[in-house]
Structure formats: C-alpha cells, structure tokens
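Listed here are the chains, written in short residue letters.
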Protein chains: 2
Amino acid sequence: MNRAERAQMAMMLEVSAYPKPGNVDRCHDYADTRLEHFLASTILVRPVFDAAEGPGGRVGSLIREAVMRTNGHSGGNTHFGAFILLIPLVLGGDIEGAQRVVAGTDVEDAVEFYTAFGLTRVRVGESDDLDVNDPASIAAIRERGMTLADIMAYSADRDMVAREWTNGFRLTRRCADLLHAHGRGREAIAGAFLDLLATEPDTFIMKKHGAAVAERTMRCAAEVRRGGRDIRSFDAECIEGGINPGSVADITIAGIYVALGEGWQWDS
Amino acid sequence: MNRAERAQMAMMLEVSAYPKPGNVDRCHDYADTRLEHFLASTILVRPVFDAAEGPGGRVGSLIREAVMRTNGHSGGNTHFGAFILLIPLVLGGDIEGAQRVVAGTDVEDAVEFYTAFGLTRVRVGESDDLDVNDPASIAAIRERGMTLADIMAYSADRDMVAREWTNGFRLTRRCADLLHAHGRGREAIAGAFLDLLATEPDTFIMKKHGAAVAERTMRCAAEVRRGGRDIRSFDAECIEGGINPGSVADITIAGIYVALGEGWQWDS
C-alpha cells in the first residue's frame, strides 16, 4: 500500500467503523450528509494524494485541490479537517516528515488554504478576524507575511485540528498508539475514537454548540468508556441533537494513516 | 468524473446501498467478508482502471491485475465478477465500446484471465472441464485457439456474468434503465437490485446452492416486490442461509457505471 492508498484506506475505515457516537457511520446518516458522501470524497481525492506522494507538491495548493475535487456533491465538504492533517502526512510520509512540511510552509500556502476554506461550508468561529469570505483577509495575510503554519497557530487555541500542526501531531500520535493498543480491525477504530472523545473536548462541537456541550459530550463518552452508560443511547442522543464530533473524527483518520504505516492491521 | 472514478463510484454505491437481500451492505456483513473488504477493493483497484482508461490496455491482463491488487485481504476476492464487466466497460467507455473490446479479445486475454481465475476463490461449477487449477487447461486454451470471448461463451449458460459478454450486456443495460426509472440515489440502486433479483435466477447462488435455491430466491424477491413479503425478513433469511446473489450484485455495479455515464444522479 503506498501513501496515497493508505490515506484513502484511513478515510474509508474511519467512516465504516461503528458505533462512533454522533458521527456518520455505516449505521447512521445525517439527512444531508450520508455514508456515500464520505466514501465519494475518499474515491475522488485520489489524484491529490498521488500528487502529494510525488515530487514538488505544496501543502496549501494540495489542500485547495482536495477541497475542490470533493466539494461537488450535496453532502458538502466532508473531509476538510482530515485533509489538513493527511496532506502534510502524505507529503512527509510520517509524523516527523509532516512536521518538516509544516515548518516549510510559506505565505502562498496560507493564501491557497484560505481559498480552500472559502470553498467549504466549514463553520468559522465568530471571533475570527481573518474572515475567509473577505478578500481583504488574503491581503492581510500577505501584508503580515503569515505562513500556513502561522495561520494554524493563530487558530490552535480553538481548533484541535489546527493544534496538531503546532504540537507535533500530538493527538494523531496518541490515536495511532491507541489503535496499536486496541488490536486489529474496526473494533480498534471505534475504541480509539471513544478514547479520544472521552478525553478531549471536540472543537467542532464547540464551534457549533458551545464549550459546555463539547465538555458534556466528553464526560458522557468517559461514562460510556467506564461502562456506566450504553454507547447506543449516547450515540442516538448525539445524532438527535446534531452533536457530531467531527474534529475527533479527523484526528482518527490521521491516526489510522499513521498506524497503517507502522504495520497496524485493518483487516481483523 | 472520468471512467475510472465512475467505475469506483459504482462499486462503492452498490455495496453502500441497502437493503440488498442476502448480500453484504452497510447493514450486514458475512463473518469473513465485510463492508470494508468491498471498500478496500474499490480503493485498491484504481490504478487498473486508470490503465484501462489509458491507451493500450488489454482486457485479460487488466482483469488479472485487478484480482492481484484486491486479493490481499482476508475477505477473499470480492469483485471478480464485477471486474469481468467493468474492465471492458472502462476500456470501451460504454456498452457499445465494451462490445468492441469483447470482439477484439485473443488467446492471450484468455490465458491471462485463467491465471486471474486461479488467484480467486471463486466457485467453479463441477461440470467445468477447463479446470482453472490445472496448468493443462492453459495448454488446452492455446491448442484450441480460444479467445476470452470464447471462454465466456463457453460459460454463458451457467454464468450470468459471462453471459453479458455474449449478449451485448443485456442485463447491464436493463439495470441502467431500471436506475433511470427509479430516480436518483441509493433507493434506486436497492430498487434496481430487487427488480433484477425478482426476474433472474442468480447463477452465483445456483453454483453454490443449486438451481432450486436460485429459483426460490427469485420467487421470494418477486413476492417482496409485489408487496407480499417483508424485505427485511427475506434479507435475514438469505443472510442466515448464506444465500448471496453475488452475480446480480456484479451486474448492478456494471449497471450503475453505465447509468452514471448517462447522467444518472447518485446523490439524491
């Protein structure tokens, strides 16, 4: 399996694993975003991962191209956060390589990234003064000489995906370790997902529903993990409330990619 | 969407659609063959479809390569029948083009195909005197000067996938027409699948369980279609008995590929 295939397999395995409280999985859809939307993105992004594996690819333009190729269906952008993690990982091979990619980003990467951001329907926190729909933001990025790594650092306190860029892919690493610890196959993915959810407030939930809901979700996941609560009722409650831990899912995808590269077996 | 992507989308959409009585779908696995095995094959076959879309590809060696690339996991070969239909369709573009591909096959295509066949765990009818595990068969093919189209004609009376090669992809065409008639999205796929199952005895079931079981399955599907029986109990009964209409699934994949090329919308 080459890097591009590993990245696609990670996307496919994450969405196929279940139960994953609150998220689309093979047992649950949201009305507008369904299993096949996630799988379509997994298929259609391939040429971008191929380009990332080849020579000369730039992280900003590759993220933009990934969003453009997967933005055509009614499910909206399903994998923006995952691409932010996977593309440096495919470019660099592993976490160490991805950190070199992050360190090497420039202003053009930042500008390309903002163009991609404008193409998605990803929720932007109200405190952002770099408005992605505002062409002046791009001018501001150039003026301040911000690299893509700077942009991520700027968002890191309120976005756990961006934070991965600033702290050496800490949760990605932890997710890969959890997968190794849980053993082979999809049960390990569901287990690692729940472990992360039980210990980190999901910043996607935070932006959508506020910090209190993100923290309550984390505490509920911890209760499920301790055996004090049924996972299926927790899942149903999350789905009902539209509480989907999208950032933990993104990190899980990155963790699967890393674990696959370290010999973790998806095929239980 | 290029041809290769359309073929992958067809494979992904078929396995994601539900309920599909007796087959793996997003709600059902078999113990050894699970949703993620089908989706892994969908991802890993990509370079073969890319080669089929480019110049100079030969149908026999492409089928062999597709089997080799997707044979590595414990789920066994999930898509051998689908590749027999998709590869001429991708090579030729549409049904008309696929018929030209079929007409142009030669003895080397037949030899390559037999090598692929030997790599799969696909059930071979006991009446086959061309034993795929017997190197003498390949010698026999060369001696008799059989093309791959001849091989398919030889199997056509007991294999509905091979039969597609001999009759202008008749059921593939019908499946595409059914998809157009049913409308957009995955409900149309489940509908077209049931329509085919209700009118054709599945030859995969026939080889595994005998003609009587294949015909009974067809009659049950017709009863479900008339509203005389619940699809979920029929599905459960098929799964319980290991009665999986794998050939109808292969033809459904080919039908989705054709329909997508004619503008059918997967994204309801």
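Structure: see above.
Overview of the structure.

**Some words on the overall build of chain A**
And step 1. Each helix and strand counted, chain A has 16 helices and zero strands in total.
And step 2. For chain A, the C-alpha radius of gyration of 17 Å lies close to 18 Å, the compact-globule estimate for 268 residues.
And step 3. For the C-alpha atoms alone, the extent of chain A along its principal axes is close to 55 × 40 × 35 Å.
And step 4. Taken across its 268 residues, chain A has 61% of its residues classed as buried.
And step 5. In chain A, once contacts between residues fewer than 6 apart in sequence are set aside, the share between residues at least 24 apart is 73%.
And step 6. Working note: accessible area of chain A is about 10,000 Å², and carbon and sulfur atoms make up 48% of it.
And step 7. Seen as two clouds, the 29 positive and the 39 negative side-chain charges of chain A have centres 3 Å apart.

**Looking at the packing of aromatic side chains**
All names here are of chain A.
And step 1. A complete count under the given rule lists twelve aromatic pairs over all chains for this structure.
And step 2. Both rings, one in Phe113 and one in Tyr114, keep their centres 6.2 Å apart while their planes meet at 65°; by these two values the pair is edge-to-face.
And step 3. Accessibility expressed as a relative area gives 5% for Phe113, which makes it buried.
And step 4. Overall, Tyr114 belongs to the buried group, its relative accessible area being 4%.
And step 5. Consider the rings of Tyr114 and Phe117, whose centres lie 6.1 Å apart with planes at 80°: the pair is edge-to-face.

**Comments concerning the packing of helix α7 (residues 107-119) of chain A against helix α9 (residues 148-155) of chain A**
Packed helices, taken two at a time, are described by the angle between their axes plus the distance between the axes.
Residue and element names in this part refer to chain A.
And step 1. Between α7 and α9, the shortest axis-to-axis distance is 7 Å and the interhelical angle comes to 55°. Judged by the angle between their axes, α7 and α9 are oblique. Along its contact with α7, which presents Asp109, Ala110, Phe113 and Tyr114, the element α9 presents Leu148, Ile151 and Met152.
And step 2. When the residues that make up the contact of α7 with α9 are grouped by side-chain class, the tally is six nonpolar, no polar and one charged.

**Topic: helix α2 (residues 35-44) of chain B**
And step 1. Judged by how many residues are buried, α2 of chain B sits mostly within the fold: ten of ten residues are covered.
And step 2. For α2 of chain B, the full list of buried residues reads Leu35, Glu36, His37, Phe38, Leu39, Ala40, Ser41, Thr42, Ile43 and Leu44 of chain B.

**A word on the interface of chain A and chain B**
And step 1. Every contact between the two is made by 30 residues of chain A and, on the other side, 30 residues of chain B.
And step 2. For chain A, the biggest contributors to the area lost against chain B are Arg26, Glu36 and Ile43 of chain A; these three give 27% of the whole.
And step 3. On the surface where chain A and chain B come into contact, there are eight salt bridges.
And step 4. Among the salt bridges present, the one from Arg34 of chain A reaches Asp267 of chain B, with a minimum N-O distance of 3.6 Å.
And step 5. Where the side of chain A that touches chain B is concerned, the elements lending two or more residues are α1 (3-16), α2 (35-44) and α3 (46-53) of chain A.
And step 6. Counting residues per element, the side of chain A that touches chain B draws most heavily on α2 of chain A, at eight residues.

Thresholds, definitions, all that
Residues numbered from 1 in each chain as written. Chains lettered and ligands numbered in written order. Predicted model: local features only at pLDDT ≥ 70, side-chain atom pairs only at ≥ 80, totals over all residues. Heavy atoms only, no water. Helix = DSSP H or I, 4+ residues; strand = E, 2+ residues; numbered from the N terminus. Rg over C-alpha atoms; globule rule 2.2 N^0.38 Å. Buried < 20%, exposed > 50% of the residue type's maximum accessible area, 1.4 Å probe, protein only. Contact = heavy atoms within 4.5 Å. Areas by Shrake-Rupley, 256 points an atom, 1.4 Å probe, with all protein chains shown as cover. Lys, Arg positive; Asp, Glu negative; His and termini not counted. Charge placed at Lys NZ, Arg CZ, Asp CG, Glu CD. Phe/Tyr/Trp six-rings, centres within 6.5 Å; stacked < 30°, edge-to-face > 60°. Axes fitted to C-alpha atoms, helices over the stretch in contact; angles between N-to-C directions. Parallel < 35°, antiparallel > 145°, perpendicular 65-115°, else oblique. Nonpolar A, V, L, I, M, F, W, Y, C, P; charged D, E, K, R; others polar. Buried area = accessible area lost by both parts, 1.4 Å probe. Salt bridge = Lys/Arg side-chain N within 4 Å of Asp/Glu carboxyl O.

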